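The lines below spell out each chain.
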Amino acid sequence: MTEPTLTIAGKPHPVDARFDVFNPSTGALAGRAPNASLADLDEAVAAAKQAFVSWSQTPDAELRAACEAVTAKIGEHAEELARLLTLEQGKPLNGLGSRWEIGGAQAWAAHTASLSLPVKLLQDDNTGRVELHRKPIGVVGSITPWNFPVMIAVWHILPALRTGNTVVIKPSPHTPLSTLRLVELMNEVLPAGVVNIVTGDDGETNLGGAMSTHPDIGKIVFTGSGPTGTRVMQSAAATLKRLTLELGGNDAGIVLPDADPKQIAEGLFWGAFLNNGQTCAAMKRLYVHDSIHDAVCEALVDYARNVPVGDGLAEGSILGPVQNRMQFDKVKRLVEDAKGRGEVLIGGTPGEGLFFPPTIVSGLANGDPLVDEEQFGPALPVIRYTDVEEAIAAANDSPNGLGGSVWSSDIEAARKLALRLECGSVWINKHGMIQPNAPFGGVKGSGIGVEFGEEGLAEYTDIQVVFS
Ligand code: NAD
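Each value, and the rule that gives it
Residues numbered from 1 in each chain as written. Predicted model: local features only at pLDDT ≥ 70, side-chain atom pairs only at ≥ 80, totals over all residues. Heavy atoms only, no water. Salt bridge = Lys/Arg side-chain N within 4 Å of Asp/Glu carboxyl O. Helix = DSSP H or I, 4+ residues; strand = E, 2+ residues; numbered from the N terminus. Contact = heavy atoms within 4.5 Å. Polar contact = N/O pair within 3.5 Å; in protein donor to acceptor, adjacent residues only side chain to side chain. Near = heavy atom within 4 Å. Nonpolar A, V, L, I, M, F, W, Y, C, P; charged D, E, K, R; others polar. Domains from an automatic or database assignment. Buried < 20%, exposed > 50% of the residue type's maximum accessible area, 1.4 Å probe, protein only. Buried area = accessible area lost by both parts, 1.4 Å probe. Expected span 1.5 Å × (residues − 1).

**Quick look at the pattern of salt bridges**
Logical step 1: In the structure shown here, the tally under the stated rule is 29 salt bridges.
Logical step 2: Linking Arg32 and Asp20 is a salt bridge whose minimum nitrogen-to-oxygen distance equals 3.2 Å. In this pair, Arg32 is assigned in strand 4 (residues 29-34) and Asp20 in strand 3 (residues 18-22), connecting sequence segments 12 residues apart.
Logical step 3: Taken together, the shared-partner salt bridges in this structure form one network comprising Glu3, Arg18, Asp20 and Arg32.

**What about the environment of Asp201?**
Logical step 1: Structurally, Asp201 is set in the loop between strand 9 (195-197) and helix 7 (207-213).
Logical step 2: Those residues in contact with Asp201, other than ones at most four positions away along the chain, are Phe19, Asn35 and Pro173.
Logical step 3: Here Gly203 takes part through its backbone nitrogen, which lies 2.8 Å from a polar atom of the side chain of Asp201.

**Describing the site of the ligand**
Logical step 1: Residues in contact with the ligand amount to 30 residues; listed here are only the nearest, Thr144, Asp202, Ser225, Leu247 and Glu374.
Logical step 2: Measuring from an oxygen atom of the ligand, one finds a side-chain N or O atom of Asp202 at 2.7 Å.
Logical step 3: In the model, a nitrogen atom of the ligand is placed 2.6 Å from a nitrogen or oxygen of the Leu247 main chain.
Logical step 4: Ranked by residues supplied to the shell around the ligand, first place goes to helix 8 (residues 226-237) with 3 residues.
Logical step 5: Residues belonging to the shell around the ligand are distributed by class as follows: 13 nonpolar, 12 polar and 5 charged.
Logical step 6: Taken domain by domain, the makeup of the shell around the ligand includes at least three residues from each of domain 1 (6-247 + 446-467) and domain 2 (251-435).

**Some details on the side chain of Asn187**
Logical step 1: With respect to the helices and strands, the residue Asn187 is situated in the loop between helix 6 (177-186) and strand 9.
Logical step 2: What makes Asn187 buried here is its relative accessible area of 12%.
Logical step 3: For Asn187, the contacting residues outside a window of four places in its chain are Thr7, Gly10, Gly193 and Val195.

**Details of the domain arrangement of the protein**
Logical step 1: In terms of domain boundaries, the protein breaks down into domain 1 (6-247 + 446-467) and domain 2 (251-435).
Logical step 2: The straight-line distance from the C-alpha centre of domain 1 to that of domain 2 is 30 Å.
Logical step 3: Taken over both partners, the interface formed by domain 1 and domain 2 buries close to 2300 Å², and the fraction arising from carbon and sulfur atoms is 60%.
Logical step 4: When residues of domain 1 are sorted by the area they lose upon contact with domain 2, Leu96, Trp146 and Ser446 head the list and together hold 25% of the total.
Logical step 5: One can count 2 salt bridges joining domain 1 with domain 2.
Logical step 6: Across the pair Arg83 and Glu315 runs a salt bridge, and its minimum N-O distance is 3.6 Å.
Logical step 7: Of all the elements in the fold, those that place two or more residues in the side of domain 1 that touches domain 2 are helix 3 (78-89) and helix 4 (98-114).
Logical step 8: Sort the elements by how many residues they give to the side of domain 1 that touches domain 2 and helix 3 lands first, with 5 residues.
Logical step 9: For the side of domain 1 that touches domain 2, a count of residues per class yields 12 nonpolar, 11 polar and 5 charged.

**Some remarks on helix 9 (residues 261-273)**
Logical step 1: Compared with the 18 Å implied by 1.5 Å per residue over 13 residues, the 17 Å span of helix 9 between its first and last C-alpha is a close match.
Logical step 2: Taken together, the buried positions of helix 9 are Pro261, Ile264, Ala265, Leu268, Phe269, Trp270, Gly271, Ala272 and Phe273.
Logical step 3: On its buried side, helix 9 packs onto strand 12 (251-255), strand 13 (283-289), helix 10 (293-305), strand 15 (359-362), strand 16 (379-385) and strand 17 (403-407).
Logical step 4: Capping the start of helix 9, Asp260 holds a side-chain oxygen 3.1 Å from the backbone nitrogen of Lys262, two or three residues further along.
Logical step 5: Looking one or two places after helix 9, you find Asn275, whose phi comes out positive at around 60°.

**Some thoughts on unusual backbone geometry**
Apart from glycine, the bulk of residues carry a negative phi angle, and the bulk of peptide bonds sit in the trans form.
Logical step 1: Positive phi, close to 60°, is recorded for Asn275, a residue that is not glycine.
Logical step 2: Among the secondary structure elements, Asn275 is positioned in the loop between helix 9 and strand 13.
Logical step 3: One non-glycine residue with positive phi stands out, namely Asn276, at about 65°.
Logical step 4: Within the secondary structure, Asn276 sits in the loop between helix 9 and strand 13.
Logical step 5: Given the relative accessible area of 3%, Asn276 is considered buried.

So, in structure tokens, the structure goes:
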């Protein structure tokens, strides 16, 4: 059992209170995290503001080198971070679990270190010279969810550092331990105050809300649910904060009649069940043409049957438990409700504790809660269609627009259809495969702004134009 401290101004920061963090695989206590006060938050922001004075003036090559040093730290402590992540998040060490997440965090950090936003010359002639500079904003407030705590922390922190900003991060109360350690490690190679962390139990002290109104925070980067994101935007309005909001999704996959069910089954399964479905851009609704509907269902069920589900710390597990009770209850409610109208092809019955087996339900349609709501868990509705226009309309009939996919053996035909889906990312014959050099973000209710690539990096800057 671990009792980590906050890191503020480069030092361990004592707190008066702590809250319990549980291992979702066993229900046992995993650690006791600091329950920070608003005064602790103020100290963290003050430290970041102070550090910004010199960090923002640091030469570009040194910022890059610092990001490379952070990347190396993550690599050196990969196994320790992976175990801590599994302990509190529940995801298995293996498969697309915590070792994979830490590897991803390292890859994203490395790529972000390599990016830059050089001065752009807009004009240079006998009427004058016009330069576009990208300048850091100030203190960035990062608010993260519990599904990929380490990777998302890296997605928020590294571009902020790379562009000369300083950071205060607040992880989810469900998974604070791995982020506390990550920030402690970062502080071994960064100047004091450049990255600070506060954690809290989301009780009476609403740290996220206080960050969203804090006068000394210039930007909030938030990953989480739509309703909380909306509150962040409302609170941030008074101080005109810059915002990147990565919110929920209800991604649709469309399988065309010419797809090969056996060949696509594995990709469909992991598109939907990556991290037990607790993935923003997981496939959460699958539309399959009538002519191959039954064959696709059969191939998916065959694949799902052989995926080992168990304690995240057991080397043989490939899927773990649902991360928390609230999410578990949501999945259970949606699956119970679906039983009335649909057919459960596999799974459907909750296991011990927070374990819920991969569940596939056919016979549903838009209008059913399991199709319309973001389940964010291991339950996939498969919806039969006869006309592809009907499938596209059903896929687009959602307030969300994060990702989507088209599955076909005719790549060109799939590409044409892909462009008609209302979402920020669309994949062909795969789903959810984000990468650090491609901007990622949602349209409609799935968010504002993008992360990754130069476009994502630019969101951590304000433009200054110099006319001479
Ligand atoms: P959540 O919105 O409940 O919590 C996210 C964070 O916001 C947590 O750190 C929480 O403590 C904090 N918070 C709570 N109240 C707040 C307030 N009033 N102001 C500011 N911050 C506050 O989300 P969650 O349950 O942790 O995560 C699941 C959701 O996140 C899903 O909807 C999922 O789709 C979404 N998500 C989106 C992406 C993406 O990139 N689009 C990635 C991962 C998760």
